[in-house]
Amino acid sequence: IDYRLVPAASVEQQGEDIAHALRALLDRARELGIDRHRVVLMGHSAGAHLVALAGTDARYLQAAGLDFADVDGVIANDGAAYDVPAQIRDGGPRARRTYAQVFGTDPVRQRALSPVHQATAPNVAAFLLLHVQRPDGVSQAQALGRALTAAGTTVEFGSFPGTGLQGHAQINRELGNPDYPATAVVDAWLAKLFRR
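Presented here is an overview of the structure given in this document. (Residues numbered from 1 in each chain as written. Predicted model: local features only at pLDDT ≥ 70, side-chain atom pairs only at ≥ 80, totals over all residues. Heavy atoms only, no water.)

**Some thoughts on unusual backbone geometry**
Here the amide bond leading from Val 6 into Pro 7 is cis, since omega sits at 10°, within 30 degrees of zero. Inspection of the secondary structure puts Pro 7 in the segment before helix H1 (11-27). Of note, the amide linkage connecting Ala 121 to Pro 122 takes the cis form, showing an omega dihedral of 0°. Looking at the element boundaries, Pro 122 is found in the loop between helix H8 (115-118) and strand E3 (126-131). Of note in this structure, Ser 45 is not a glycine but carries a positive phi near 60°. When you line up the elements, Ser 45 lands in the loop between strand E1 (40-44) and helix H3 (46-56). We classify Ser 45 as partly exposed; its relative accessible area is 27%. The backbone of Asp 78 shows a phi angle near 55°, a positive value even though the residue is not glycine. Summarising the element assignment, Asp 78 is placed in the loop between strand E2 (73-77) and helix H5 (84-90). (Helix = DSSP H or I, 4+ residues; strand = E, 2+ residues; numbered from the N terminus. Buried < 20%, exposed > 50% of the residue type's maximum accessible area, 1.4 Å probe, protein only.)

Okay, structure coming up:
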């Protein structure tokens, strides 16, 4: 699925796009051969933030007539905006400018758009948080994992080689390649998730 981009759309609208796209797919599940009982949201980078947000803030799925029970799991692939205020506070000047352009300067809005701050129960039942060795990506994934675990949500991590933007792009480009280590982690997680 796809979503509108900032600045033409707000992050809130992007979250709604994710939920409405999922609803459109589920409404055509029989025609498309989709098993409604085996649904995972997965996204990379900004997409990782959006699927984590949809998996922790019920308002997005509810706006599309869905709820957390319609999604079995979330795979967030190398995101770094799970706690927007922390990213703005801890990032360098360029990161601060970029995140302020996307998420604004209102601390209340920044927290509302942060899966870490929305991860109180309930949430989608299971999360897989993948990351390469970018310091902000690692710390953001760990913070989200702690928040989800505190809420009773099942969380697993996948940590892979790669640094900077090159590693960030590689995990997206290579995921699915049987020789790339993240592929086996995702396959095993999905197999375990759908055994229940």
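**Overview of the sheet that holds E3**
As summarised here, the arrangement of the four strands in space is E1-E2-E3-E4, forming an open sheet in which the pairing is parallel. Both outer strands of the open sheet, E1 and strand E4 (154-159), are each paired with one neighbouring strand and no more. Taken pair by pair, the neighbouring strands of this sheet meet at an average axis angle of 10°, ignoring direction. Pairing between E3 and E4: six bridges, direction parallel. Bridge assignment links His 131 to a residue of E4, and that residue is Ser 159. Against the sheet, helix H9 (residues 135-150) contacts E3 and E4, and its axis sits at roughly 165° relative to E3. (Pairing = 2+ DSSP bridges. Axes fitted to C-alpha atoms, helices over the stretch in contact; angles between N-to-C directions. Contact = heavy atoms within 4.5 Å.)

**Digging into the pattern of salt bridges**
A complete count under the given rule lists 10 salt bridges for this structure. Among the ionic pairs, Arg 109 bridges to Glu 12, the shortest N-O distance being 2.8 Å. Of this pair, Arg 109 sits in helix H7 (residues 107-112) while Glu 12 sits in helix H1, and the two are 97 residues apart along the sequence. Close ionic contact of Glu 156 with Lys 192 constitutes a salt bridge, the shortest N to O distance being 2.4 Å. With Glu 156 in strand E4 and Lys 192 in helix H11 (residues 181-193), the pair connects residues that are 36 residues apart, well separated along the chain. Given the relative accessible area of 26%, Glu 156 is considered partly exposed. Salt bridges linked by common partners bring Asp 78, Arg 134 and Asp 136 together as one network. (Salt bridge = Lys/Arg side-chain N within 4 Å of Asp/Glu carboxyl O.)

**Looking at the nonpolar core**
Ranked by internal contacts, the top residues of the largest apolar core, which has 41 residues, are Leu 22 and Tyr 82. Residue assignment for this core shows that the elements contributing at least two residues are H1, H3, helix H4 (58-63), E2, H5, helix H6 (93-103), E3 and H9. Top element by residues in this core is H3. It accounts for six residues. Excluding residues that lie within four positions of it along the chain, Leu 22 makes contacts with Val 39, Leu 41, Leu 61, Leu 66 and Val 71. Membership of the second largest hydrophobic core comes to 12 residues, among which are Ile 171, Tyr 180, Ala 182 and Trp 189. (Core = buried A, V, L, I, M, F, W, Y, C linked by side-chain atoms within 4.5 Å.)

**With respect to the packing of aromatic side chains**
Enumeration over the complete set of coordinates arrives at two aromatic pairs. Both rings, one in Tyr 99 and one in Phe 103, keep their centres 5.8 Å apart while their planes meet at 20°; by these two values the pair is stacked. Note that Tyr 99 and Phe 103 are positioned in helix H6 at a spacing of four residues, about one turn of the helix. Accessibility assignment for this pair places Tyr 99 and Phe 103 in one class, buried. (Phe/Tyr/Trp six-rings, centres within 6.5 Å; stacked < 30°, edge-to-face > 60°.)

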